[in-house]
Amino acid sequence: MIRPARQPLTVLLYLATALVVLRGTGTATEELPTFFVPPPPFSEGIFPCSECHADMEVNQKPRELTEHTEIAKSFKHSPQQRWCFDCHNPDNRDVLRLANGDLVTFEESYKLCGQCHGTIYRDWKAGVHGKRTGEWNGKKLYRLCVQCHNPHNPRFKAIAPMPPPDTPLLIHNQKHSGGSIRKNPLGKIE
Amino acid sequence: MFYPIRNFFVVLKTVTKGNGYYYAWIACLATLMIIGAVSYLKQLDQGLIITAMRDQVSWGFYISNFTFIVGIAAAAVLLVVPAYIYNFKPIKEIVLFSELLAVAAITMCIMFVVVDMGRVDRLLHVLPLIGTMNFPSSLLAWDIIVLNGYLALNLFISFYALYQMAHNREYSLQIIKPLIILSIPWAISIHTVTAFLFNGLSARPFWNASILAPRFLASAFCSGPAIMMIIFQVIRKVSKIEIDNKAIFKIAELVAYAMGINLFLLAAEFFKEFYSGSVHLAPMEYLYFGLHGHTTLVPWMWTAMIFNITAFILFISPATRENFLTLNLACVLICIGVYIEKGMGLSVPGFVPSTLGEIYEYSPTLIEKLVSLGIWSTGALVFTLLVKFAMPVYTGEVRFYSKHGAVR
Amino acid sequence: MNANNTDDKLEKTFTRRGFIKGTAASAAVLAIPVGSTDASVWQSFFQNNFHEMSPEELQDTIHNLAKKYREKYQADFTIKTNGPRPDTLFGYGLDLSRCIGCRRCVYACVRENNQSRDPQIHWISVLQLKKGEKGVSDLENANMYYAPDEVPEDGYFYMPVQCQQCENPPCVKVCPAKATWKEKDGIVVIDYNWCIGCRFCMAACPYGARHFNWGEPRIPKEELVTETHYLGNRPRYRGVVEKCTFCIQRVRDTPGRYPACVEVCPVGARKFGNLLDPKSEIRYCLEHKRVFRLKEELNTSPKFFYFFAT
């Protein structure tokens, strides 16, 4: 829900931040992946954050949040040592903040994660960490960290496994048993 | 041209005329063959899925039988060696029958391999020139060559001898002796190649032991001659052929030594597995003591061992060896013992546990048993017909026609 | 001996030998029309080994196969025959520190490669092993039938096993008909129209990677994948052996796509690439991670590398 009067200002602010970010990240020499899948998985309507936060007072005291409760209640990203403003920029919520004060956009959030998770970052850049799709000798698709890991509760939850294989005794002649052939639990290929 | 046709009818008459027991025997075999054939047709129709073989145990009853029967075929050599190398006369006279047994045995081997194949219609793919035989890399290619070669060798030798006898001629030793001498290493080779089939697979530690080929040969020289000894007694009874007791006892003595070696090799295997106690102990443990509660084969293996040891004792002692009751008992015991040990006791534990640690207890289905019975009956029928013709030729009762007139 | 006797002997020998051999041969003859899924029986009967086919023969074979598949499955199949790319040797990496045993790779493979659903064939087996015990050296305690509510379970780790695409493959060594061989890009393939179903290769494989069509393979029509490769995921027949081919129909494309198992893995445990390209992911794994291969002592030299990324 964008208030018409604020709109141009928001865009200007965003562009300015982006310019600062792109110029001054200080990591120009590293080889970055070329192909990305679509943008960060924001929740519906939550971006740009400055919509609400541009007007609000900034309270840098670590506390129990009364807003964003669904995030706050399930926050499990080293909760004893970290809280919101270790990653989010208090002055402009539309960008993230690195430890040295540099700002990065949400599209480059991997730089933020890579600060602490350096070994993973190194592997991710080489294409070794994370889900791999696309062309093995061409357009390899990279994903942002947050496309798989919820940044506020990154550990993967246990999931239900697909069915076990038939034991040898279960494999029997189907020819005359009629009936339908069982379907693949993964469904068809899209 | 006329004489071959007449002689063909001589052959036909010889094999179709017999007494009541003979007809009953043939009828029995024919029934079992028909049941086997019908079962095989069912297998062709539905696929190997109606056997109990699965990915985890991909070779079962058919290959077990094949392995045992190759041993019987190789055992002809146990008679050839004393006869022709040592010129032991009592055996020399009866070598022919062991060669006929080899012919029947190889026929059964070929049949067992054919029924085990997933695509019999592609049989020609393994042949050289017509197909693409993977020689010398694949041991199966070697097996095809040596088995068929051995069949050809034995067919030629025995048929040549019979043919000459039927024409009241001496068979030429110049032709036959080199072939017979050739059949000695060839017989050893058929069983060695079959052993190497299993032996060469590093994936199966139970088989990948150097002791496998010697054990195969030792057990082959037990089972084949044991069957021969029973057959000789039958031949003696139903025909006028004189088979010296000395021949039978000498064979029994040789079987005793073979079983002794077999038992020693088994003990060696036991020691190696159970003393070293590595993970490769698992198949042997499965056989004799069960593995993780799976004990289907345990009673069979101990039965086989008891039978073999008993048979050994009966064979080694001259008193029991030369008493026909205990001798025949020992023959039966040894056949059953070796059949279990070399059949299911060899092919199944190679797959248990599987390469990924799984235990699937294989037990043949009815179809497999019926097809196998059908093949055994076919082999028995082939042998019966061959011997039915050979016996009267041997004694001089049957002779072929030639342009010199019927020779009697 | 005189010529007459030689004739007699030969004829007599032929009669009886023919009778005996006919018993075996008739079984083969019986098998041609019975139980065969080949509509054009004679074309397939005379078809050559894939290796030995000329380009024209190959065209003919593909054409006939496509026709047969259309008849059998009522769908139009594309059967590619593209060969190995130059300077390519495929390698695979599996991150044991990540695999959670969810089996999505198993079923993605089943889907992509037209594996029989009933009777069931899985090219990938996921083994559940207890942490802290013998590890992967003794697979006796491996269990592939685990079915908990959720994975991963505490105290266990998971190891998927599929064809290791050995550089020194024992299965290729033992095949009596040369129906399986190693291609130049390292993939061990099977010509499903040449395999005689003797299962020697299955006995020879140390990894349980080869699977047999014990019965007629059945796939639901709506799940058929019609873009296939002759040596890869085209529908197989009863009585032949099959196994993972590194999704040969995908990886040999230009540009090459990842195998289905690599793409579906939700935790990114699977890595694939060209071992001859120093900048590939798989080379990175080999250089930077603690890598091992299954049953290394057998010297099969697999190109399937297990590693721990963390």
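Residues numbered from 1 in each chain as written. Chains lettered and ligands numbered in written order. Predicted model: local features only at pLDDT ≥ 70, side-chain atom pairs only at ≥ 80, totals over all residues. Heavy atoms only, no water.

Trainee: Sorry if this is basic, but what is going on with the overall build of chain B here?
Mentor: The number of helices and strands found in chain B is 16 helices and 0 strands. Rg of the C-alpha trace for chain B: 22 Å, near the compact-globule value of 22 Å for 408 residues, within the 12% margin. Oriented by its inertia axes, the alpha-carbon framework of chain B measures out at about 70 × 55 × 40 Å. Within chain B, the proportion of its 408 residues that are buried is 60%. Sequence-distant contacts, at least 24 apart, represent 74% of the contacts inside chain B between residues at least 6 apart. Working note: accessible area of chain B is about 15400 Å², and carbon and sulfur atoms make up 71% of it. Where the 26 positive side-chain charges of chain B centre and where its 20 negative ones centre are 13 Å apart. (Helix = DSSP H or I, 4+ residues; strand = E, 2+ residues; numbered from the N terminus. Rg over C-alpha atoms; globule rule 2.2 N^0.38 Å. Buried < 20%, exposed > 50% of the residue type's maximum accessible area, 1.4 Å probe, protein only. Contact = heavy atoms within 4.5 Å. Areas by Shrake-Rupley, 256 points an atom, 1.4 Å probe, with all protein chains shown as cover. Lys, Arg positive; Asp, Glu negative; His and termini not counted. Charge placed at Lys NZ, Arg CZ, Asp CG, Glu CD.)

Trainee: Help me out: how do you make sense of the overall build of chain A in this one?
Mentor: Helix and strand counts for chain A stand at 6 helices and 4 strands. In sequence order, the secondary structure elements of chain A are arranged as α-α-α-β-β-α-α-β-β-α. Looking at chain A as a whole, 32% of its 190 residues are labelled buried. For chain A, contacts bridging at least 24 residues in sequence account for 55% of all contacts bridging at least 6. For chain A, the accessible area works out to roughly 12400 Å², and carbon and sulfur atoms hold 59% of it.

Trainee: Sorry, what's going on with the packing of helix H7 (residues 139-166) of chain B against helix H8 (residues 173-199) of chain B here?
Mentor: A pair of packed helices can be characterised by two numbers: the angle between their axes and the separation between those axes. All names here are of chain B. Taken N-terminus to C-terminus, the directions of H7 and H8 make an angle of 150°; their axes are 9 Å apart at the nearest point. By the criterion of interaxial angle, the relationship of H7 to H8 is roughly antiparallel. Crossing angle aside, the handedness with which H7 passes H8 is left-handed. Of the residues belonging to the contact of H7 with H8, the class tally is 23 nonpolar, 4 polar and 1 charged. (Axes fitted to C-alpha atoms, helices over the stretch in contact; angles between N-to-C directions. Parallel < 35°, antiparallel > 145°, perpendicular 65-115°, else oblique. Left-handed = near helix turned anticlockwise from the far one by under 90°. Nonpolar A, V, L, I, M, F, W, Y, C, P; charged D, E, K, R; others polar.)

Trainee: How should I be thinking about empty space enclosed by the protein in this particular structure?
Mentor: Rolled over the atoms, a probe as big as a water molecule pinpoints where empty space is left. According to the stated counting rule, one finds 12 cavities of 30 Å³ or more in the structure shown. By volume, the largest cavity amounts to about 470 Å³. Along the wall of the largest cavity there are 37 residues; nearest its centre are Asp55(B), Gln56(B), Ser125(C), Met144(C) and His211(C). Sorting the residues of the lining of the largest cavity by element identifies strand E3 (125-130) and strand E7 (211-212) of chain C as the ones contributing at least two each. Here the lining of the largest cavity is built from residues that sort into 17 nonpolar, 12 polar and 8 charged. (1 Å grid on protein atoms, 1.4 Å probe; cavity = no way out; pocket = protein on both sides within 12 Å on 5 of 7 lines; lining within 4 Å. Points joined across faces, edges and corners; volume = space filled by probe spheres on them.)

Trainee: When you look at the nonpolar core in this model, what are you seeing that I'm missing?
Mentor: Ranked by size, the top nonpolar core spans 241 residues in total, and within it Phe97(B), Trp207(B), Phe232(B) and Phe315(B) carry the most contacts. Among the elements that make up this core, the one with the highest residue count is helix H6 (residues 95-116) of chain B (16 residues). Once residues lying within four places of it in the same chain are set aside, the contact partners of Phe97(B) are Met228(B), Phe232(B), Ile235(B), Ile241(B), Phe383(B), Val387(B), Ala390(B), Met391(B) and Tyr394(B). Counting residues in hydrophobic clusters, the runner-up holds 6 residues, among them Tyr121(A), Trp124(A), Leu144(A) and Val146(A). (Core = buried A, V, L, I, M, F, W, Y, C linked by side-chain atoms within 4.5 Å.)

Trainee: Looking at this structure, how should I read the pairing of strand E4 (residues 156-161) of chain C?
Mentor: A regular strand carries its side chains on alternate faces of the sheet. All names here are of chain C. Burial analysis of E4 places 5 of its 6 residues in the buried class, the great majority of the element. Summarising the sheet, E3 and E4 pair through 6 bridges and their orientation is antiparallel. In the strand pairing of E4, Leu 127 is matched with Met 159. (Pairing = 2+ DSSP bridges.)

Trainee: Which parts of the structure should I look at to understand unusual backbone geometry?
Mentor: Look at the link from Phe135(B) to Pro136(B): it is a cis peptide, with omega at 0°. Its location among the elements puts Pro136(B) in the loop between H6 and H7. In this chain, Thr254(C) is followed by Pro255(C) through a cis amide linkage whose omega measures -5°. By the element assignment, Pro255(C) lies in the loop between helix H7 (248-251) and helix H8 (260-264). The phi dihedral of His292(B) falls on the positive side, at around 50°, and the residue is not glycine. Note on placement: His292(B) falls in the loop between helix H11 (282-288) and helix H12 (298-316). Notably, Asn114(C) is not glycine yet its phi reads approximately 55°, a positive angle. Overall, the relative accessible area of 2% leaves Asn114(C) in the buried class.

Trainee: I would appreciate a short explanation of the side chain of Arg218(C) in the present structure.
Mentor: Turning to its location among the elements, Arg218(C) is positioned in the loop between E7 and strand E8 (227-229). Side-chain polar atoms of Arg218(C) contact the backbone oxygen of Asp118(C), separated by 3.3 Å. (Polar contact = N/O pair within 3.5 Å; in protein donor to acceptor, adjacent residues only side chain to side chain.)

Trainee: Could you clarify how one ought to interpret the interface of chain A and chain C in this entry?
Mentor: Reports of interface size often rely on the accessible area that becomes lost once the parts have come together. Between chain A and chain C, the contact holds 44 residues from the first and 55 residues from the second. Summed over both sides, the interface between chain A and chain C buries roughly 4500 Å², with carbon and sulfur atoms accounting for 58% of that surface. Linking chain A with chain C are 4 salt bridges. The partner of Lys289(C) in a salt bridge is Asp123(A), with the nearest N and O atoms 2.5 Å apart. Among the secondary structure elements, those contributing two or more residues to the side of chain A that touches chain C are helix H5 (118-126) and strand E3 (133-134) of chain A. With 4 residues, H5(A) is the largest single contributor of residues to the side of chain A that touches chain C. Taken together, the residues that form the side of chain A that touches chain C break down as 19 nonpolar, 14 polar and 11 charged. (Buried area = accessible area lost by both parts, 1.4 Å probe. Salt bridge = Lys/Arg side-chain N within 4 Å of Asp/Glu carboxyl O.)

Trainee: Help me out: how do you make sense of the confidence of the model for chain A in this one?
Mentor: Interpretation of the predicted coordinates at a detailed level should be avoided for regions scoring low in pLDDT. Residue and element names in this part refer to chain A. Mean pLDDT over chain A: 79, with 75% of residues reaching 70 or higher. Scored below 50 in pLDDT, residues 1-5 shows 5 contacts in the model against residues more than four places distant or in partner chains. Across residues 14-29, confidence stays below pLDDT 50; counting only partners more than four residues off in sequence or on other chains, it has 16 contacts. (pLDDT = per-residue confidence, 0-100.)

Trainee: How should I be thinking about the sheet that holds strand E11 (residues 290-292) of chain C in this particular structure?
Mentor: Strands belonging to one sheet form pairs held by backbone hydrogen bonds; the direction of such a pair is parallel or antiparallel. All names here are of chain C. Taken in spatial order, the 4 strands make up an open sheet running E10-E2-E12-E11, and their pairing is mixed. Looking at strand neighbours, the two that pair on one side only are strand E10 (270-274) and E11, the edges of this open sheet. Here the strands of the sheet are splayed against their neighbours by 30° on average, with no regard to which way each runs. Summarising the sheet, E11 and strand E12 (residues 304-308) pair through 3 bridges and their orientation is antiparallel. Its bridge partner being in E12, Phe 292 is matched across the sheet by Tyr 306. Across the face of the sheet, helix H9 (residues 281-288) comes into contact with strand E2 (90-95), E10, E11 and E12 while running at roughly 110° to E10.

Trainee: Just to check I follow, could you spell out the environment of Pro302(C) for this structure?
Mentor: All names here are of chain C. For Pro 302, the location among the structural elements is in the loop between E11 and E12. Residues Pro 302 and Tyr 237, spaced 65 residues apart in sequence, show a C-alpha to C-alpha distance of 27 Å. Discounting residues that sit within four places of it in the chain, Pro 302 has contacts with Gln 164, Gln 165, Cys 166, Tyr 207, Arg 293 and Leu 294.

Trainee: Any chance you could explain the packing of H6(B) against helix H16 (residues 366-395) of chain B here in plain terms?
Mentor: Residue and element names in this part refer to chain B. Relative orientation of the contacting elements H6 and H16 amounts to 155°, with a least axis distance of 9 Å. Relative to H16, H6 is oriented roughly antiparallel. Judged by the sense of rotation from one axis to the other, the crossing of H6 with H16 is right-handed.

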